[in-house]
Every structure is written in C-alpha cells, then in structure tokens.
Amino acid sequence: WEPALAALESHIAAKLIDKPTGERQRAVLETAIAIDKADRAPDEALRLARQAVSRAPDLVPATVVAARILSRRGDVRKAAKLIEAAWARQRHPELAEAYLDLRIGDSNADRLDKAQTLAHIAPHDPESHMIVARAALDAREYETARRALSPLVAEGERPSDRACLIMAELEDAEFCDQGQVREWLARSARAPRDPIWIADGVASK
C-alpha cells in the first residue's frame with residue numbers, strides 16, 4: 001500500500017489527477033494501510049485512519065477502523081462520537097455493527113440501548129429501524145422489535161428484503177409461527193433489495 005500511496009502522490013504532484021479525486025484516493029490508501037497496521041502498529045493506524053476520515057468523511061471503513069482502535073484503547077466515548085458523526089452523514093450497516101461492538105461484554109439489552117441511541121440520530125431512516133429491530137430481537141424484546149419495524153412493514157409499504165427476513169425471524173422467535181415465517185420469506189424473495197455499496201467490484205450490504 002505504501003508504494004501505491006507514493007505513486008499517487010507523484011501523480012498528484014504532476015497534476016495527472018484532480019485534487020478531489022486525489023484526496024479521495026489518498027483516503028482510501030491511508031485506510032488500507034491503517035487496516036493492515038491496526039494490530040501491530042495501532043498508533044500509526046489510528047493516525048492514518050483519522051487522516052482518511054478528515055479527507056473523506058463519508059469513507060465508512062476509515063471511520064470503522066479508527067473507532068475500533070479507539071475502543072480497544074478504552075476511548076469508547078471518542079469512538080462512539082466518531083461513528084455518530086458518520087451515521088449523521090450516511091446510514092451504513094457497518095457503522096451500526098461497529099457501534100454496537102464498541103464495548104466488549106455488553107449484554108444484549110445494552111446493545112439495544114446503543115442501537116436506539118444511534119437510531120435517534122436519523123429516526124426516519126429505514127436502516128435505523130432495522131438496527132433497533134435486530135438488536136431488540138437479540139435481546140428478546142419482541143414488542144420493541146415489532147414497533148421498530150412497523151413503519152417499514154405497514155399496509156401499503158414495500159419492505160426491503162432484509163426487513164422481511166427480520167420479520168420472518170421475529171415470527172419464528174416469538175410465536176414459532178411457521179406459516180408467517182414462510183410468508184415473510186416469500187415476500188423477501190420478491191422485495192426491493194437493500195442498498196449496496198460497491199468498491200472495486202466488491203458489493204457489500
């Protein structure tokens with residue numbers, strides 16, 4: 001990654017790449033180096049990840065690696081603030097996953113509280129509803145899960161495939177209603193797909 005970054009710098013210096021593109025590509029390479037160094041050189045990895053976030057605030061992997069390093073250091077509050085700021089810009093499942101995993105040993109009830117905190121930043125976004133529903137299901141708070149999903153599965157709505165799959169799991173966990181499970185699974189097969197993020201031909205939900 002370092003030679004790639006050096007090559008990029010030379011291209012930028014020669015004005016072969018415009019400034020916004022160069023900054024974005026710098027951020028991507030800095031993030032790749034940070035991920036590679038996260039375990040063996042966490043200080044350097046954190047510096048690079050923070051630098052990448054400053055260059056490209058919407059670059060989710062940069063935020064995630066920075067937050068995870070901060071969390072391992074015990075700076076959970078700083079890590080949470082970093083993810084919350086990113087969540088305000090865009091709701092990405094990897095941000096939610098990293099947020100719920102910030103403190104090792106949290107109970108499912110604790111994780112549900114955190115999901116609700118994060119969802120409060122963008123309360124009307126479908127991703128916010130789904131992270132609360134997923135966490136509530138894990139905590140066996142089935143009524144909370146249903147309330148979270150209700151705007152997505154209400155009459156006249158077209159829930160996404162992931163919302164349908166969470167509903168199928170909820171029907172199974174709460175009532176063991178295999179008829180409803182099959183119905184929701186069938187709906188998921190023809191439901192609109194959830195957004196995906198693509199980089200270098202690799203797709204990620």
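Calculation rules
- Residues numbered from 1 in each chain as written.
- Predicted model: local features only at pLDDT ≥ 70, side-chain atom pairs only at ≥ 80, totals over all residues.
- Heavy atoms only, no water.
- Helix = DSSP H or I, 4+ residues; strand = E, 2+ residues; numbered from the N terminus.
- Buried < 20%, exposed > 50% of the residue type's maximum accessible area, 1.4 Å probe, protein only.
- Contact = heavy atoms within 4.5 Å.
- Disulfide = S-S within 2.5 Å.
- Axes fitted to C-alpha atoms, helices over the stretch in contact; angles between N-to-C directions.
- Parallel < 35°, antiparallel > 145°, perpendicular 65-115°, else oblique.
- Left-handed = near helix turned anticlockwise from the far one by under 90°.
- Salt bridge = Lys/Arg side-chain N within 4 Å of Asp/Glu carboxyl O.

(A) Expanded view of the overall build of the protein. In terms of regular secondary structure, the protein is built from 11 helices and 2 strands. For the protein, the succession of helices and strands along the chain, N to C, is α-α-α-α-α-α-α-α-α-α-α-β-β. Taken over the C-alpha atoms alone, the protein extends approximately 65 × 35 × 25 Å along its principal axes. A total of 205 residues make up the protein; the buried ones form 43% of that total. A separation of at least 24 residues holds for 51% of the contacts in the protein among residues at least 6 apart in sequence.

(B) Representation of unusual backbone geometry in the model. Phi is positive for R140, which is not a glycine, with a value near 60°. Within the fold, R140 resides in the loop between α8 (126-138) and α9 (142-153). Classification of R140 by relative accessible area gives exposed; the value is 67%. The backbone of C176 shows a phi angle near 50°, a positive value even though the residue is not glycine. Mapped onto the secondary structure, C176 falls in the loop between α10 (161-175) and α11 (178-190).

(C) Layout of the state of the cysteines. A complete count under the given rule lists 0 disulfides for this structure. The thiol of C164 is not disulfide-bonded; the next cysteine sulfur, from C176, is found 20 Å away. On the basis of relative accessibility, which here comes to 55%, the residue C176 falls in the exposed class.

(D) Highlighting the packing of α8 against α9. Taken N-terminus to C-terminus, the directions of α8 and α9 make an angle of 160°; their axes are 8 Å apart at the nearest point. Classified by the angle between their axes, α8 and α9 sit roughly antiparallel to one another. Read as a crossing pair, α8 and α9 show a hand that is left-handed. Of α9, the residues touching α8 (which contributes P126, H129, M130, V132, A133, A136 and L137) are Y142, T144, A145, A148, L149, P151 and L152.

(E) Representation of the pattern of salt bridges in the model. The final tally for this structure, using the stated rule, is 22 salt bridges. Residues participating in the shared-partner salt-bridge network are E9, E23, R26, E30 and R55.

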